[in-house]
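The residues making up each chain are set out below.
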Amino acid sequence: MVARKPKVIVTRKLPDPVETRMRELFDTELNIADQPFTRAQLEDAVGRADALVPTITDRIDATLLEKAGPKLKLIANFGVGVDHIDVPAAVAKGIAVTNTPGVLTEDTADLTMALMMAVGRRIVEGANVAQEGGYTGWAPTWMMGHRITGKRLGIIGMGRIGQAVARRARAFGLQIHYHNRKPVSPRIAEELEATYWESLDQMLARMDLISVHSPHTPATYHLLSARRLKLLQQHAILVNTARGEIIDETALAELLRAGKIAGAGLDVFEHEPAINPKLLGLPNAVLLPHLGSATIEGRIDMGEKVIINIRTWMDGHKPPDRVIPAMM
Ligand code: 8YV
């Protein structure tokens, strides 16, 4: 139980309503200028805060946590992915880590479908042609894309976002297939008419579309390696709104450039914000700057979840969205 208002240090600019509420509830330090914290600023913050509110742009590793002051007892991440935080190291130091699951699921699933459509139907290419005055008239075989309806979609990682994508994809008449550490419950499999593939290799070789929704962990780093990417069919479309590190980007760029797969829609990159130069200028690659949860509603909801996690912890209770290392 924290008697006084806890010192809460927020590393990025959050939506105004969230910041206003934080100011009311906590002894809050905000980052109005929204310049990503330097390492020195992060070290200072972990040294002074009771609770730190980082985002994906902060690397919270074991070395930094060595600088944590005795007061730091909570890292309340603004985001669901925590691959930028050494959670086991934090927990080992008695620092709880929370995230913001659920509130960005539908937004990220929406963007996933948008990328499938954008790549499959060449929307960005067509929009660029129209914008640049290149549209000289309709032609029977011009700008043909790939039909999406009725195709086989392979989902890698059937958690909240994977399932939300499956629900949308069914509305588009897609057949749902998935690979996961273990099958989902029979109830969910039935609801989604989803076919489980224990072998990722076999699923990759038979799908028309692949969508990545697994967390980035040591086990999923380059899960889609050069070898696995070569299993994809020539008309296949790959979408990633999860984490860039899950795909060998250089190998993917080579397959796209050689036309060995039809296209890719990427919202995340291996070395964000740097985008592999080999991916740039490819007409069959739709690249977005990590917009998965970028809706006003989504980001406010994420902020409110951070507030709930901090308040619950303040009251001496276990925060609802604690990240448990064993479950990662
Ligand atoms: C966030 C995301 O915007 O939640 C995640 O894991 O990737 C995005 O929704 C980003 O992580 C902010 O920290």
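Coordinates for the structure precede this section.
The rules behind the values
- Residues numbered from 1 in each chain as written.
- Predicted model: local features only at pLDDT ≥ 70, side-chain atom pairs only at ≥ 80, totals over all residues.
- Heavy atoms only, no water.
- Helix = DSSP H or I, 4+ residues; strand = E, 2+ residues; numbered from the N terminus.
- Buried < 20%, exposed > 50% of the residue type's maximum accessible area, 1.4 Å probe, protein only.
- Contact = heavy atoms within 4.5 Å.
- Areas by Shrake-Rupley, 256 points an atom, 1.4 Å probe, with all protein chains shown as cover.
- Axes fitted to C-alpha atoms, helices over the stretch in contact; angles between N-to-C directions.
- Parallel < 35°, antiparallel > 145°, perpendicular 65-115°, else oblique.
- Left-handed = near helix turned anticlockwise from the far one by under 90°.
- Nonpolar A, V, L, I, M, F, W, Y, C, P; charged D, E, K, R; others polar.
- Right-handed = clockwise from strand over helix to strand, strands pointing away.
- Pairing = 2+ DSSP bridges.
- Salt bridge = Lys/Arg side-chain N within 4 Å of Asp/Glu carboxyl O.
- Phe/Tyr/Trp six-rings, centres within 6.5 Å; stacked < 30°, edge-to-face > 60°.
- Near = heavy atom within 4 Å.
- Polar contact = N/O pair within 3.5 Å; in protein donor to acceptor, adjacent residues only side chain to side chain.
- Core = buried A, V, L, I, M, F, W, Y, C linked by side-chain atoms within 4.5 Å.

### Thoughts on the overall build of the protein chain
And step 1. Helix and strand content of the protein chain: 12 helices and 12 strands.
And step 2. Residue burial in the protein chain is summarised as follows: out of 328 residues, 50% are buried.
And step 3. The long-range share in the protein chain, meaning contacts at least 24 apart out of those at least 6 apart in sequence, stands at 60%.
And step 4. Summing over all exposed atoms, the protein chain offers an accessible surface of approximately 15,600 Å²; the carbon and sulfur share of this is 56%.

### Comments concerning the packing of helix α5 (residues 105–120) against helix α7 (residues 160–171)
The relative placement of two packed helices is expressed as an angle between their axes plus a distance between the axes.
And step 1. Interaxial distance between α5 and α7 falls to 9 Å at its minimum, and their mutual angle equals 50°. Judged by the angle between their axes, α5 and α7 are oblique. Crossing angle aside, the handedness with which α5 passes α7 is right-handed. Contact with α5, carried on its side by Thr-105, Glu-106, Thr-108, Ala-109, Asp-110, Thr-112, Met-113 and Met-116, involves Arg-160, Ile-161, Ala-164, Val-165, Arg-168 and Ala-169 of α7 and no other residues of that element.
And step 2. Class assignment of the residues belonging to the contact of α5 with α7 gives a composition of seven nonpolar, three polar and four charged.

### A word on the pairing of strand β1 (residues 7–10)
And step 1. Side chains Lys-7 and Ile-9 project from β1 onto one buried face, and the interleaved Val-8 and Val-10 project onto a second face that is buried too.
And step 2. After leaving β1, the chain enters helix α1 (residues 16–25) and then returns to the sheet as strand β2 (residues 27–29), a path that is right-handed.
And step 3. In terms of strand pairing, β1 meets strand β3 (residues 51–53) through three bridges, oriented parallel. Bridging across to β3, Val-8 finds its partner in Ala-51.

### Regarding the pattern of salt bridges
And step 1. Applying the stated criterion across every chain, the model contains 22 salt bridges.
And step 2. Here Arg-12 and Asp-34 are joined by a salt bridge, their closest N and O atoms 2.7 Å apart. With Arg-12 in the loop between β1 and α1 and Asp-34 in the loop between β2 and α2 (39–48), this pair connects stretches of sequence that are 22 residues apart.
And step 3. Assessed through its relative accessible area of 26%, Asp-34 is described here as partly exposed.
And step 4. For Asp-201, the salt bridge identified is with Arg-228, shortest N-O distance 2.6 Å. Of this pair, Asp-201 sits in helix α9 (residues 200–206) while Arg-228 sits in helix α10 (residues 226–229); the two residues are 27 residues apart in sequence, bridging distant segments of the chain.
And step 5. What you see here is one network of salt bridges that share partners, running through Lys-7, Asp-27, Glu-29, Asp-44 and Arg-48.

### Details of the sheet that holds β3
And step 1. The strand order β2-β1-β3-β4-β5 describes an open sheet built from five strands, whose pairing is parallel. Looking at which strands have only one partner, the edges of the open sheet turn out to be β2 and β5 (96–98). With direction set aside, neighbouring strand axes in the sheet form an average angle of 15°.
And step 2. As paired elements, β3 and strand β4 (residues 74–76) share two bridges and run parallel to each other. Across the sheet, Leu-52 pairs through a bridge with Ile-75, a residue of β4.
And step 3. Sheet strands in contact with helix α12 (residues 296–314) are β1, β3, β4 and β5, and its direction is about 160° off that of β4.

### Some remarks on the packing of aromatic side chains
And step 1. All chains considered together, the criterion is met by two aromatic pairs.
And step 2. Residues Tyr-178 and Tyr-196 carry aromatic rings whose centres are separated by 5.2 Å and whose planes lie at 50° to one another, so their mutual orientation is tilted. Linking Tyr-178 in strand β7 (residues 175–179) with Tyr-196 in strand β8 (residues 194–196), this pair joins segments that are 18 residues apart in sequence.
And step 3. Among the residues examined, Tyr-178 registers a relative accessible area of 1% and is labelled buried.
And step 4. Looking at Tyr-196, the relative accessible area reads 25%, which means it is partly exposed.

### Some details on the environment of Pro-186
And step 1. Residue position: Pro-186 is located in helix α8 (residues 186–192).
And step 2. In this structure the C-alpha to C-alpha distance between Pro-186 and Gly-162, which are 24 residues apart in sequence, comes to 16 Å.

### Some words on the site of the ligand
And step 1. Surrounding the ligand, one finds Thr-55, Ile-56, Phe-78, Gly-79, Val-80, Gly-81, Leu-104, Arg-243, His-290, Ser-293, Arg-299 and Met-302.
And step 2. Between Ile-56 and the ligand, the recorded distance is 2.9 Å, taken from a backbone N or O atom to an oxygen atom.
And step 3. Note that an oxygen atom of the ligand is positioned 2.6 Å from one of the backbone N or O atoms of Phe-78.
And step 4. Here the ligand has 320 Å² of accessible area as a free molecule, and 91% of this is covered by the chains.
And step 5. Classifying every residue of the shell around the ligand gives five nonpolar, five polar and two charged.

### Examining the nonpolar core
And step 1. Within the largest apolar cluster, 49 residues are counted, with the highest numbers of intra-cluster contacts made by Met-22, Val-53, Leu-153, Met-158 and Ile-310.
And step 2. Each residue touching Leu-153, except ones within four places of it in the same chain, is listed here: Met-116, Val-165, Ala-169, Leu-174, Gln-175, Ile-176, His-177, Met-207, Leu-209, Ile-210 and Ser-211.
And step 3. In terms of nonpolar packing, the next biggest core, distinct from the first, is built from 29 residues, Met-203, Leu-223, Leu-229 and Leu-252 among them.

This is a description of form; function is not addressed.
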